[in-house]
Amino acid sequence: QVQLQESGPGLVKPSQMLSLTCTVSGGSITANYYAWSWIRQPPGKGLEWMGAIAYDGSTYYSPSFKSRTSISRDTSKNQFSLQLSSVTPEDTAVYYCARDIRVGEETHEYDSWGQGTQVTVSS
């Protein structure tokens, strides 16, 4: 029922900001007891949880990304967004948004995923 769709530029220049938006349909991002998450997968590597914004607006970040990551939301559009600053080619990855049924916990369990979007950092 819940559908998520990532959108944003597929190519970002080094040192610039990577900005992606996840549009959610079939469920409200303010509905109780979900976290709306960003995950990425660099080429040849595993999934990396970046952070999330919970139904109440609380944000959570991986220590690996906290210094340069911001997750926000627009409840009127039922969207949440990712901003990753000072990108380098190592930030090249497929970026996913997903719904996590665990909020503020050490582990994650996603019940819905976007299809993912390729972002390449290159000059």
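Now for a quick tour of the structure.

Rules used in this analysis
- Residues take numbers from 1 onward in each chain, read along the sequence in its written order.
- For a predicted model such as this one, the threshold for reporting local features is a pLDDT of at least 70, and the threshold for listing and counting side-chain atom pairs is 80 or more; totals across whole chains, interfaces and linings nevertheless cover every residue.
- Only hydrogens and water are removed before side-chain values are computed, so all heavy atoms of the structure are retained for them.
- At least two DSSP bridges between two strands are required for those strands to pair.
- In this text, helices come from DSSP runs of H or I with a minimum length of four residues, and strands from runs of E with a minimum of two, each type numbered from the N-terminal end.
- Only the contacting stretch of a helix is used when fitting its axis, a line to C-alpha atoms as for every element, and angles between N-to-C directions run 0 to 180 degrees.
- Accessible area is worked out with a 1.4 Å probe on protein chains only. A residue is then buried under 20% of its type maximum, exposed over 50%, and partly exposed in between.
- In what follows, a contact means two residues having at least one pair of non-hydrogen atoms within 4.5 Å.

What follows concerns the sheet that holds strand E7 (residues 69-74). Taken together, the four strands give an open sheet; going across it, the order is E1-E3-E8-E7, and neighbouring strands pair in antiparallel fashion. For this open sheet the edge positions go to strand E1 (3-7) and E7, each flanked by a neighbour on one side alone. Averaged over neighbouring strand pairs, the angle between their axes works out to 20 degrees when direction is ignored. With six bridges connecting them, E7 and strand E8 (residues 79-84) associate as antiparallel partners. Its bridge partner being in E8, Ser70 is matched across the sheet by Gln83.

Moving on: the side chain of Ser62. Here Ser62 shows up in the loop between strand E6 (59-61) and E7. Take Ser62: its relative accessible area is 9%, and that puts it in the buried class. If we skip the residues at most four places from it in the chain, Ser62 touches Trp49, Met50 and Gly51.

These results come straight from atomic positions and should not be treated as a statement about function.
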